[in-house]
Amino acid sequence: DNIKPKVIKQVAPYVEDKGFDPAVIKNASSACEAVCKWVHAMYKYHFVLKEVEPKKQKLAAAQAEFKIVDAALQKAQGELNEVLAKLQKLEDN
């Protein structure tokens, strides 16, 4: 979650290089293939996280607002039920 932009900038030329493809590197070394896959995955993860993080923050804010509004709704429904009970009692008399 903490890949610095400087590191992404340094890694970008390698990730964008056609020769730094897991399928190509596999011919040289299976260990290097694994490292290559990991580098590509971390590179993609960085950009996905940059896109998702603001959405996660908006979701958290919306959930907090929902919690407040839901509490107000529950209170209002409780008051309504009390009024309806009093009304029913008056109608029964």
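Presented here is a report on the structure given in the accompanying data block.

The rules behind the values
- Residues numbered from 1 in each chain as written.
- Predicted model: local features only at pLDDT ≥ 70, side-chain atom pairs only at ≥ 80, totals over all residues.
- Heavy atoms only, no water.
- Helix = DSSP H or I, 4+ residues; strand = E, 2+ residues; numbered from the N terminus.
- Rg over C-alpha atoms; globule rule 2.2 N^0.38 Å.
- Buried < 20%, exposed > 50% of the residue type's maximum accessible area, 1.4 Å probe, protein only.
- Contact = heavy atoms within 4.5 Å.
- Areas by Shrake-Rupley, 256 points an atom, 1.4 Å probe, with all protein chains shown as cover.
- Lys, Arg positive; Asp, Glu negative; His and termini not counted.
- Charge placed at Lys NZ, Arg CZ, Asp CG, Glu CD.
- Core = buried A, V, L, I, M, F, W, Y, C linked by side-chain atoms within 4.5 Å.
- Patch = residues over 30% accessible without salt bridge, like charges linked within 9 Å, V, L, I, M, F, W, Y side chains within 5 Å.
- Salt bridge = Lys/Arg side-chain N within 4 Å of Asp/Glu carboxyl O.

Describing the overall build of the chain
Move 1: Across its full length, the chain carries 3 helices and 0 strands.
Move 2: In sequence order, the secondary structure elements of the chain are arranged as α-α-α.
Move 3: Whereas a compact globule of 93 residues would reach a radius of gyration of roughly 12 Å, the chain reaches 28 Å, over 25% beyond that.
Move 4: Buried positions account for 14% of the 93 residues belonging to the chain.
Move 5: A sequence separation of at least 24 residues applies to 47% of the contacts in the chain between residues at least 6 apart.
Move 6: Total accessible area computed for the chain in this model is approximately 8000 Å², and 62% of it derives from carbon and sulfur atoms.
Move 7: A gap of 9 Å separates the mean positions of the 15 positive and 13 negative side-chain charges of the chain.

Section: the nonpolar core
Here is a general trend for soluble globular proteins: nonpolar side chains tend to be buried in one another's company.
Move 1: Listed in full, the 8 residues of the largest apolar core are I8, A12, V15, F20, I25, C36, V39 and Y43.
Move 2: At the level of elements, α1 (5-16) and α3 (30-92) are the ones that each hand at least two residues to this core.
Move 3: The residues touching Y43, leaving out its near neighbours within four places in the chain, are I8, V11, A12, V15 and E16.

As for a nonpolar patch on the surface
Move 1: Nonpolar side chains collect at one region of the surface, where L80, L84 and L87 lie side by side and expose about 260 Å² of accessible area between them.
Move 2: Here L87 lies in helix α3.

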